[in-house]
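# Structural characterization, general
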Amino acid sequence: MKPAELWLKPGKEKSLLRRHPWIYDTAVARVTGRAEAGATVAVRAADGRYLAWAAYAPASTLRARCWGFDETQRIDVDFIAARVHAAVARRAHLAADSDALRLVFGEADGLPGFVADRYADWLVVQLQATGAEAWREMLIDALVQATGCGNVFDRSDSATRQREGLPATSGVLRGVTPDAPIEVVEHSIRYGVDVQRGHKTGFYIDQRDNRLLVRQLAARLAAAPGRAPRVLNCFCYTGGFSLAAAAGGAGELLSVDSSADALALAQDNWARNGFTAAAEWRGDDVFDALRALRDEGRVFDLIVLDPPKFAASHHHVERAARAYKDINLNGLRLLAPGGYLLTFSCSGAIDVDLFQKIVAGAVFDARVEAQMLRRLGAGEDHPLLMTHPEGEYLKGLLLQRVG
Ligand code: SAH
């Protein structure tokens, strides 16, 4: 059967010619032939030229996502399986550091809207696009085959599904119900991960390298003469950076989060590792906590600010910028001379240059002197497709206070 065709308006082929994988509804002139939700369509320029094979999403403003640009390629079960196997194989070298890994990262791995994470003996998947949903069984079969792991849990309950007109789904797809929580070991630290109810698929896998950096910075501070480093971890969630700092030799740790559930799991995680540092867990709003800490006269040698996404879209950039400025300004005021600040934004709508400007403004207003030592990002299991800059969401800066 001849596949349906999605015809673009004149001039709208430019981004596809540069291999950008997304087609918005505003670029579409018409669809010819029968195209069900998730069906593969041939994308054509207004002059009839073939451009790409794409998955059709009639309910979404993101109307189609490209599988590939080669006209001779068949988009079939073998194609899907090959992409999954390749994605898994590319990450093999990371398995030594951790048994929490992102195995498939959507567009970056040529599988738009499909995310798969491994936590020890469980796979957790998110099907966030109509095309991925149409290939659900084949994707999961391939994943089980590529990993040899037979337990699959579905967390397709993110807001992106709504925008695609897909219902939220969650639950066991293959094998057995996950332990609550699942234990993973990352750089020899134990973390419990609640894949059923946690954020994303349960854990911020993307921060692995930055957790290691926090551990190294804490160790560097601990090796210097003087007191054991005092660490403040804001938006601590289940304690990722807190545990990393403790493993590095932090003497005192204060972790803040407004969620009682997150703090309970963080404390459970703390107990799993038998750390001896003094740990305080504060259930509070970080915006308030930073001000209160200043009033209390507290000072820290290492501060992590890893908030939730403040800008959900381009419409929220200004308000989000003010929020980032506020926490960075008030965080910097608590930083000891020589101390480190790791500050993050996971808002896709705020790019790294804007984020750096916001933080520079906070440094200025805090009346401290600080150097930027590094830019930070997600780990290698969260690659960025060079033709799809929208895929870059997590960005961070490592600053050191010098005066
Ligand atoms: N840094 C974490 C991930 C942060 S997720 C990690 O590495 O694992 C964002 C966290 O911020 C969530 O746990 C959420 O409960 C918390 N949060 C959101 N808004 C907050 C606020 N205003 N004050 C304190 N915590 C907040």
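Our structure is the block above this text.
Residues numbered from 1 in each chain as written. Predicted model: local features only at pLDDT ≥ 70, side-chain atom pairs only at ≥ 80, totals over all residues. Heavy atoms only, no water.

On to the overall build of the protein chain. If you tally the helices and strands in the protein chain, you get 11 helices and 20 strands. Since a compact globule built from 403 residues should have a radius of gyration of about 22 Å, the 23 Å found for the protein chain is in line with a globular shape. Along the three orthogonal principal directions, the C-alpha set of the protein chain runs to about 75 × 45 × 30 Å. Counting over 403 residues, the protein chain shows a buried share of 53%. For the protein chain, the proportion of contacts with a sequence separation of at least 24, taken over those separated by at least 6, is 65%. As displayed, the protein chain offers around 17,300 Å² of accessible surface, 51% of which is attributable to carbon and sulfur atoms. Taken together, the 48 basic and 49 acidic charged side chains of the protein chain have centroids lying 4 Å from each other. (Helix = DSSP H or I, 4+ residues; strand = E, 2+ residues; numbered from the N terminus. Rg over C-alpha atoms; globule rule 2.2 N^0.38 Å. Buried < 20%, exposed > 50% of the residue type's maximum accessible area, 1.4 Å probe, protein only. Contact = heavy atoms within 4.5 Å. Areas by Shrake-Rupley, 256 points an atom, 1.4 Å probe, with all protein chains shown as cover. Lys, Arg positive; Asp, Glu negative; His and termini not counted. Charge placed at Lys NZ, Arg CZ, Asp CG, Glu CD.)

So, about the packing of helix α6 (residues 208-223) against helix α7 (residues 240-248). In contact at an axis separation of 7 Å, α6 and α7 are set at 35° when each is read in the N-to-C sense. For the pair α6 and α7, the sense of crossing is right-handed. Mapping the contact onto sequence places Asn 210, Arg 211, Val 214, Arg 215, Ala 218, Ala 219 and Ala 222 in α6 and Gly 240, Phe 241, Ala 244, Ala 245, Ala 247 and Gly 248 in α7. (Axes fitted to C-alpha atoms, helices over the stretch in contact; angles between N-to-C directions. Left-handed = near helix turned anticlockwise from the far one by under 90°.)

With that settled, the discussion passes to the packing of helix α2 (residues 77-90) against helix α4 (residues 136-147). In the contact formed by α2 and α4, the axes pass within 9 Å of each other and the chain directions differ by 40°. The orientation of α2 relative to α4 falls into the category oblique. Handedness of the α2/α4 crossing: right-handed. The residues of α4 that touch α2, namely those facing Val 77, Ile 80, Ala 81, Val 84, His 85 and Val 88, are Met 138, Leu 139, Ala 142, Leu 143, Gln 145, Ala 146 and Thr 147. Tallied by class, the residues present in the contact of α2 with α4 amount to 10 nonpolar, 3 polar and no charged. (Parallel < 35°, antiparallel > 145°, perpendicular 65-115°, else oblique. Nonpolar A, V, L, I, M, F, W, Y, C, P; charged D, E, K, R; others polar.)

Here we come to a positive patch on the surface. The grouping of Lys 9, Lys 12, Lys 14 and Arg 18 at the surface amounts to a positive patch. Topologically, Lys 12 is positioned in the loop between β1 (5-8) and α1 (14-17). With a relative accessible area of 40%, Lys 12 lands in the partly exposed category. (Patch = residues over 30% accessible without salt bridge, like charges linked within 9 Å, V, L, I, M, F, W, Y side chains within 5 Å. Salt bridge = Lys/Arg side-chain N within 4 Å of Asp/Glu carboxyl O.)

For the ligand, the set of nearby residues contains 14 residues, the closest of which are Phe 235, Asp 257, Ser 258, Val 286 and Asp 306. At 2.7 Å, a side-chain N or O of Asp 306 approaches a nitrogen atom of the ligand. In isolation the ligand offers 580 Å² of accessible surface; the protein chains occlude 90% of this area. Residues of the shell around the ligand, tallied by class, amount to 7 nonpolar, 3 polar and 4 charged. (Near = heavy atom within 4 Å. Polar contact = N/O pair within 3.5 Å; in protein donor to acceptor, adjacent residues only side chain to side chain.)

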